[in-house]
Amino acid sequence: MSAYPNWDTDRYPHTSDYILQLFRANYEPPEVYRAVSKHFLLKNKAERQSLANEIAALHTCNVFATMPIPTDDRG
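Residues numbered from 1 in each chain as written. Predicted model: local features only at pLDDT ≥ 70, side-chain atom pairs only at ≥ 80, totals over all residues. Heavy atoms only, no water.

1. Considering the packing of aromatic side chains
Scanning all chains against the criterion turns up three aromatic pairs. Aromatic side chains Tyr4 and Tyr27 sit 5.4 Å apart centroid to centroid with 50° between the ring planes, which places their arrangement in the tilted category. Taken together, the residues Tyr4 in the segment before helix H1 (15–24) and Tyr27 in the loop between H1 and helix H2 (29–37) connect sequence positions 23 residues apart. When sorted by exposure, Tyr4 lands in the same class as Tyr27, which is buried. With a centroid separation of 4.9 Å and 0° between ring planes, the pair formed by Trp7 and Tyr18 is classed as stacked. Linking Trp7 in the segment before H1 with Tyr18 in helix H1, this pair joins segments that are eleven residues apart in sequence. Under the relative-accessibility criterion, Trp7 is labelled buried at 13%. For Tyr18, a relative accessible area of 0% translates into the label buried. (Phe/Tyr/Trp six-rings, centres within 6.5 Å; stacked < 30°, edge-to-face > 60°. Helix = DSSP H or I, 4+ residues; strand = E, 2+ residues; numbered from the N terminus. Buried < 20%, exposed > 50% of the residue type's maximum accessible area, 1.4 Å probe, protein only.)

See below:
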């Protein structure tokens with residue numbers, strides 16, 4: 001899937017709202033990362049990893065979850 005749903009920031013101002021919207025639309029964690037990250041200027045690896053971990057936590061319902069930062073090589 002390449003066309004991600006729009007993020008209505010007035011109605012859903014929190015990043016987690018958009019992440020959950022994408023999961024409800026059956027997007028996988030790497031796709032969610034790409035969709036969300038295009039809305040932010042992630043300055044370094046720590047910020048990219050923080051976003052990836054937030055996505056993993058919401059996907060697994062486990063606050064200790066982590067995931068690798070997706071790369072752009074989609075095969």
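2. Let's talk about the packing of H2 against helix H3 (residues 45–60)
Across the interface, H2 lies against H3 with an axial gap of 10 Å and an inter-helix angle of 130°. The pairing of H2 with H3 is recorded here as oblique in orientation. Handedness of the crossing formed by H2 with H3: right-handed. Facing H2, whose interface residues are Pro29, Val32, Tyr33, Val36 and Ser37, H3 presents Arg48, Leu51, Ala52, Ile55 and His59. (Axes fitted to C-alpha atoms, helices over the stretch in contact; angles between N-to-C directions. Parallel < 35°, antiparallel > 145°, perpendicular 65-115°, else oblique. Left-handed = near helix turned anticlockwise from the far one by under 90°. Contact = heavy atoms within 4.5 Å.)

3. Section: unusual backbone geometry
Unlike most non-glycine residues, Asn26 shows phi in positive territory, near 70°. Topologically, Asn26 is positioned in the loop between H1 and H2. Of the residues examined, Asn26 reaches a relative accessible area of 59% and is grouped as exposed.

4. Focus on the nonpolar core
If you look at the biggest cluster of nonpolar residues, it comprises 17 residues, and the most contacted ones within it are Tyr18, Leu22, Val32, Val36 and Ile55. Listing elements by their share of this core, those giving two or more residues are H1, H2 and H3. Setting aside chain neighbours within four positions, we find Val32 in contact with Ile19, Leu22, Phe23, Tyr27 and Ile55. (Core = buried A, V, L, I, M, F, W, Y, C linked by side-chain atoms within 4.5 Å.)

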